[in-house]
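Descriptive structure summary
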Amino acid sequence: MGIGPKRKISRKRRDTRRSSVWKLTAPAFCRCDHCGELKLAHRVCQNCGYYKGREVIKMDAE
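Cut-offs used in this document
Residues numbered from 1 in each chain as written. Predicted model: local features only at pLDDT ≥ 70, side-chain atom pairs only at ≥ 80, totals over all residues. Heavy atoms only, no water. Helix = DSSP H or I, 4+ residues; strand = E, 2+ residues; numbered from the N terminus. Rg over C-alpha atoms; globule rule 2.2 N^0.38 Å. Buried < 20%, exposed > 50% of the residue type's maximum accessible area, 1.4 Å probe, protein only. Contact = heavy atoms within 4.5 Å. Areas by Shrake-Rupley, 256 points an atom, 1.4 Å probe, with all protein chains shown as cover. Lys, Arg positive; Asp, Glu negative; His and termini not counted. Charge placed at Lys NZ, Arg CZ, Asp CG, Glu CD. Salt bridge = Lys/Arg side-chain N within 4 Å of Asp/Glu carboxyl O. Patch = residues over 30% accessible without salt bridge, like charges linked within 9 Å, V, L, I, M, F, W, Y side chains within 5 Å.

A tally of helices and strands in the protein yields one helix and four strands. For the protein, the succession of helices and strands along the chain, N to C, is α-β-β-β-β. Against the globule reference of 11 Å for 62 residues, the protein gives a C-alpha radius of gyration of 24 Å, more extended than a compact globule. Each principal axis of the C-alpha atoms in the protein carries an extent, and together these give about 70 × 20 × 20 Å. For the protein, buried positions account for 10% of its 62 residues. Within the protein, counting contacts between residues at least 6 apart in sequence, those at least 24 apart form 2% of the total. Approximately 6300 Å² of the protein is accessible, and the part contributed by carbon and sulfur atoms is 53%. If the 16 positive side-chain charges of the protein are averaged to one point and the 6 negative ones to another, these points end up 27 Å apart.

Here it is as structure tokens:
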């Protein structure tokens, strides 16, 4: 004799458990100190190539 479920799990409870939307968070954007564009925190700016006040990536046409 196997041990099975005692009660039927409702569709709502099942789907709520399966949904992972509640775990997602929006990325936090901040302004670049050099050019003022929005960028992800702790990352090099994709617009100007600066990070923490110094140029990390050479950008061609600025």
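This next bit is on the pattern of salt bridges. According to the stated counting rule, one finds two salt bridges in the structure shown. Measuring nitrogen to oxygen at the nearest pair gives 2.9 Å for the salt bridge that ties Asp15 to Arg14. Two residues, Glu55 and Lys58, come together in a salt bridge whose shortest N-O distance is 3.9 Å.

A few words on a nonpolar patch on the surface. There is a patch of nonpolar side chains on the surface, built from Phe29, Leu38 and Leu40 and spanning about 300 Å² of accessible area. Mapped onto the secondary structure, Leu38 falls in strand β2 (residues 38–40).

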